[in-house]
Amino acid sequence: MNGGGDAEVASPAGPPQSLEWKFSQVFGERTAGEEVQEVDIISAIEFDKTGDHLATGDRGGRVVLFERTDTRHHGFRRDLERMDNPISRHPEFRYKTEFQSHEPEFDYLKSLEIEEKINKIRWCQTANSALFLLSTNDKTIKFWKVQEKKVKKICEMNVDPSRVGNGNVASSSVTAGVKPYLANGVCPERSYNYLSNDFAFSPGGIPSLHLPVVASHETSLVAKCRRIYAHAHDYHINSISNNSDGETFISADDLRINLWNLEISNQSFNIVDVKPANMEDLTEVITSAEFHPTHCNMLAYSSSKGSIRLIDLRQSALCDNHTKLFEEQEAPGSRSFFTEIIASISDIKFGKNGRYILSRDYMTLKLWDINMDAGPVATFQVHEYLRPKLCDLYENDSIFDKFECCLSGDGLRVATGSYSNLFRVFGVMSGSTEASTLEASKNPMRRQVQTPSRPSRSLSSLTRVVRRGADSPGVDTNGNAFDFTTKLLHLAWHPTENSIACAAANSLYMYYA
């Protein structure tokens, strides 16, 4: 069970140089002093597998789609890439369409309001030039089809407007002087007679039947909800993930993971259930779940205790027993009131070939090799300067913020968000010192702080590395205080290029290197 593929971390060529990130685009940029509406705050970001489409969801239940435009000038872009002929232009996207995915609901049985906020978006396989995606709020998952529809209009009436024959009005409008006609063109004042005196024969004989001409003038994008997967979760849905078989997907809430078939909306199978017989015995909850990118029988899920479990669907129908358990042993004497809270994993992502799993807890990013369950092969400290402030962050509930993480398509770098609209990019290869701090603004390198890495002990053939971020006492390089009310929770890495999309409140920023 090696997950397939070569190692994404070790390479004899040595670590690549640090990337220089540049601003590309921004959608929904706020003006100075503009108040952000709660419903406009972005809550989910996802690239499709090709990287040509990007979807965002917001707290108002809307899904907005963007499409790449710079590839239109390079018809054989992927062929050029195979020939190591890089494209000089950086990725550019434009607004494509948007639709209302979810509406606010009310559960009358539980007297519970169900928010319309989009929790996750996942792209599905395309077919016949149509785009398919899954979106979910706390309770309901929807399967959407977005397709271009041709708008058909009657552009002309191909008849002589001055001629009346067979009792039909050959005009698009009825004038006041025309006598009334019944259905089928029968005049009430005379019988229907082909030999009537007022019937005019054309030189070529009896005229043929005339029909209006319908033409397609333009196209419009139409989003249609194909299926609704509801009433399967008692707790809030935190994850959905497509299977590599293209037919099934999973949805996870705090205590259960369900397996669905895309074609069947009224039935799902419960494959993981961590709910104890007595809820007082509950010690951990499921925080994130994801299918293996190539093995349709394997998936991983994380818990609030900082552990990741790898399960194999071939073992049993209900996967209560994991195949592998990944967790880091607690250092002696380091336990505090906040230990379990900050150990909770908010997001996990598989690397492209499935060999590595990236996890994000409150303070760190960890990279795990699925063949090595002794501990993470690398740990990256995201905002160590917050450790003395954990008490304040607990008081204002910021300590419970759920930050996402992502890997580059080549597996050489990882990224995650932080406060003050900052995000971090780390190099994962052995010996790499890349640890960039970037700001979600038009000048991303404004808060750049170069920090050396600090290697730790060796583990098997790979080096376990602890890499420090900026150990700043709460101010950036310009002396500005960090703002813990602005947080960059959601970001996504382009699947084939060094391009990152990230959300700062209601603004979508895009960068390239």
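Residues numbered from 1 in each chain as written. Predicted model: local features only at pLDDT ≥ 70, side-chain atom pairs only at ≥ 80, totals over all residues. Heavy atoms only, no water.

This is how the line gets drawn: UniProt positions are given in the numbering used here, feature names are shortened, and annotations may be inferred rather than shown by experiment.
The protein chain carries the name Serine/threonine-protein phosphatase 2A 55 kDa regulatory subunit B in an unreviewed UniProt entry, which gives Nelumbo nucifera as its organism. Turning to the protein chain, the UniProt annotation filed under Function (unreviewed entry) states: "The B regulatory subunit may modulate substrate selectivity and catalytic activity, and may also direct the localization of the catalytic enzyme to a particular subcellular compartment." Recorded under Sequence similarities (unreviewed entry), the UniProt text for the protein chain is reproduced unchanged: "Belongs to the phosphatase 2A regulatory subunit B family."

### Regarding the overall build of the protein chain
Applicable threshold: Put simply, DSSP marks the helices as runs of H or I at least four residues long and the strands as runs of E at least two long, and each gets a number from the N terminus on. Burial status follows relative accessibility: with a 1.4 Å probe on protein chains alone, a residue under 20% of its type maximum counts as buried, one over 50% as exposed, and anything between as partly exposed. Throughout, a contact is declared for two residues whenever any of their heavy atoms are within 4.5 Å.
Helices and strands together make up the secondary structure of the protein chain, namely 3 helices and 34 strands. Put simply, the protein chain has 513 residues, and 48% of those count as buried. Counting only contacts in the protein chain whose residues sit at least 6 apart along the sequence, the fraction spanning at least 24 positions is 59%.

### Concerning the side chain of Glu290
Spelled out, the test is: In this charge count, Lys and Arg are treated as positive and Asp and Glu as negative; neither His nor the chain ends contribute. Whenever Lys or Arg places a side-chain nitrogen within 4 Å of a carboxyl oxygen from Asp or Glu, that contact is recorded as a salt bridge. We define a polar contact as two N or O atoms separated by no more than 3.5 Å, with the added condition that, inside protein, one atom must be a possible hydrogen donor and the other a possible acceptor, whereas residues neighbouring each other in sequence contribute only through side-chain atom pairs.
Inspection of the secondary structure puts Glu290 in strand β18 (residues 286-291). No salt bridge is formed by the buried Glu290. Its closest oppositely charged neighbour is Arg122, at 4.5 Å. A distance of 2.8 Å separates a polar side-chain atom of Glu290 from the backbone nitrogen of Phe350.

### Observations concerning the packing of aromatic side chains
Going by this rule: When two rings of Phe, Tyr or Trp (its six-membered ring) have centres within 6.5 Å they constitute a pair, described as stacked for plane angles under 30 degrees, edge-to-face for angles over 60, and tilted for the intermediate range.
The full count for this structure, using the stated rule, is 23 aromatic pairs. Measuring from ring centre to ring centre gives 4.6 Å for Phe27 and Phe66, while their planes differ by 45°; the resulting arrangement is tilted. With Phe27 in strand β1 (residues 22-27) and Phe66 in strand β4 (residues 62-68), this pair connects stretches of sequence that are 39 residues apart. For the pair Phe27 and Phe66, a shared accessibility class is recorded, and that class is buried. Consider the rings of Phe132 and Phe143, whose centres lie 5.6 Å apart with planes at 20°: the pair is stacked. With a gap of 11 residues between them, Phe132 in strand β9 (residues 131-136) and Phe143 in strand β10 (residues 141-157) connect regions that are remote in the sequence. You can call Phe143 buried: its relative accessible area is 6%. Grouped by ring-pair contacts, the aromatic residues Phe23, Phe423, Tyr509 and Tyr511 constitute a single cluster.

### Description of the sheet that holds strand β20 (residues 308-312)
Rules: Pairing between strands requires that DSSP locate at least two bridges from one strand to the other. Between the N-to-C directions of two axes lies an angle of 0 to 180 degrees, each axis being a line fitted to C-alpha atoms and, for a helix, fitted only over the stretch in contact.
Spatially, β18-β19-β20-β21 is the arrangement adopted by the 4 strands of the open sheet, whose pairing is antiparallel. Each edge of the open sheet carries a strand with a single partner, namely β18 and β21 (324-326). Taking each pair of neighbouring strands and ignoring which way they run, the sheet shows an average axis angle of 20°. Where β20 and β21 come together, 3 bridges link them in antiparallel fashion. By the bridge assignment, Arg309 is partnered in β21 with Leu325.

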